[in-house]
Amino acid sequence: MKILFTSILCCFSIVLFAQQKGEVVVVKDPMIDSLIAKRIALYTKSAGGAPVKPGAAIVGQMGYRVQIFYGSDRRQVFSEQARFKSAYQNLNTYITYKEPNYYLRVGDFRTRLEAQRLLNELRPMFPTLFIFREKINAPNLDYSNDNER
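In this text the structure is predicted, and so the values were computed from the model without any measurement.

Sorry, what's going on with the packing of aromatic side chains here?
Any aromatic ring pair is given by two values, namely how distant the centres are and how the planes are angled relative to each other. Throughout the structure, instances matching the rule amount to 5 aromatic pairs. Ring centres of phenylalanine 84 and tyrosine 88 lie 5.1 Å apart, and the angle between their planes is 20°; this geometry places the pair in the stacked category. The structure contains a cluster of three or more aromatic residues connected by ring pairs, namely Phe84, Tyr88 and Phe126. It is arginine 83 that lies over the ring of phenylalanine 126; its NZ or CZ is 4.3 Å from the centre.

Structure follows, in structure tokens:
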């Protein structure tokens, strides 16, 4: 009798746990696809705006930047950025906001020595200078001078 009840219980439990293959339906806003397409287009362009070769990676690496200003006044940060850009047009500037201050950092240097050279050059113009190690945009390497040697 025990065997009969056990076998019936096993048969019913197998039927209960049996699953059928189902179909998953994803409901989403069509704007999501357009946003994804825009993001892909944004990240497949280089810093200069020219398209990158398909499959080429956008390279970011750890490097150094020089912080030339920080403060809580947004207008003052932008005026310091304009003052720096008037003297150094070829260096990139980056403004970040971490409550309650804005931070203005410049350059994409691979080595600390390059950042230190800029820091020494900027010391008369900007009173508070610091070097920070962070993820940078890979600078374009100019090999045109190598052929002249």
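What's the story with the environment of glutamine 89 in this structure? I'm lost.
Mapped onto the fold, glutamine 89 is located in the loop between helix H3 (74-87) and strand E2 (93-98). Look at glutamine 89 and you get exposed, because its relative accessible area is 58%. Polar side-chain contacts of glutamine 89 include one of 3.0 Å to the backbone oxygen of serine 86.

Can you help me understand the side chain of asparagine 101 in this one?
Residue position: asparagine 101 is located in strand E3 (residues 101-109). You can call asparagine 101 buried: its relative accessible area is 19%. In contact with asparagine 101, not counting residues within four places along its chain, are Tyr70, Gly71, Ser72 and Thr96.

What should I look at first to understand H3 in this one?
One turn of an α-helix holds 3.6 residues; hence residues three or four places apart share an orientation. The first and last C-alpha atoms of H3 sit 21 Å apart over 14 residues, in line with the 20 Å expected at 1.5 Å per residue. Listing the buried residues of H3 in full gives Val77, Glu80, Gln81 and Phe84. An end-on view of H3 places all buried positions within 105° of arc, on one side of the element. What points out from H3, more than 90 degrees from its buried face, is the exposed set Arg75 and Ser86. Taking the backbone nitrogen of arginine 75 as reference, a side-chain oxygen 3.4 Å away marks aspartate 73 as the first, capping residue of H3.

Here is what the cut-offs are and how they apply
Numbers given for residues are sequential positions, taken from 1 along each chain in its written order. At least 70 in pLDDT is required for a residue's local features to be given in this predicted model, at least 80 for side-chain atom pairs to be given and counted, and no such filter applies to totals for whole chains, interfaces and linings, which use all residues. To obtain the side-chain values, all non-hydrogen atoms of the structure were included, while hydrogens and water were left out. Each aromatic pair joins two rings of Phe, Tyr and Trp (for Trp, the six-membered one) with centres within 6.5 Å, and gets the label stacked for planes under 30 degrees apart, edge-to-face for over 60, and tilted for any other angle. Each ring is checked for a lysine NZ or an arginine CZ that lies within 6 Å of its centre and within 35 degrees of its normal; such an atom marks a charge sitting over the ring. For helices the rule is a DSSP run of H or I covering at least 4 residues; for strands it is a run of E covering at least 2, with both sets numbered from the N terminus onward. Three labels apply to residues, based on accessible area from a 1.4 Å probe with only protein chains included: buried if under 20% of the type maximum, exposed if over 50%, partly exposed otherwise in between. Distance and chemistry together define a polar contact, namely a pair of N or O atoms within 3.5 Å, with one atom able to donate a hydrogen and the other to accept it when in protein, and with adjacent residues in sequence counting only for side-chain atoms on both sides. Contacts are assigned to residue pairs with any non-hydrogen atoms lying within 4.5 Å of each other. In this scheme, a helix's expected span is set at 1.5 Å multiplied by one less than its residue total. The directions considered for the arc run from the helix axis to the C-beta atoms.

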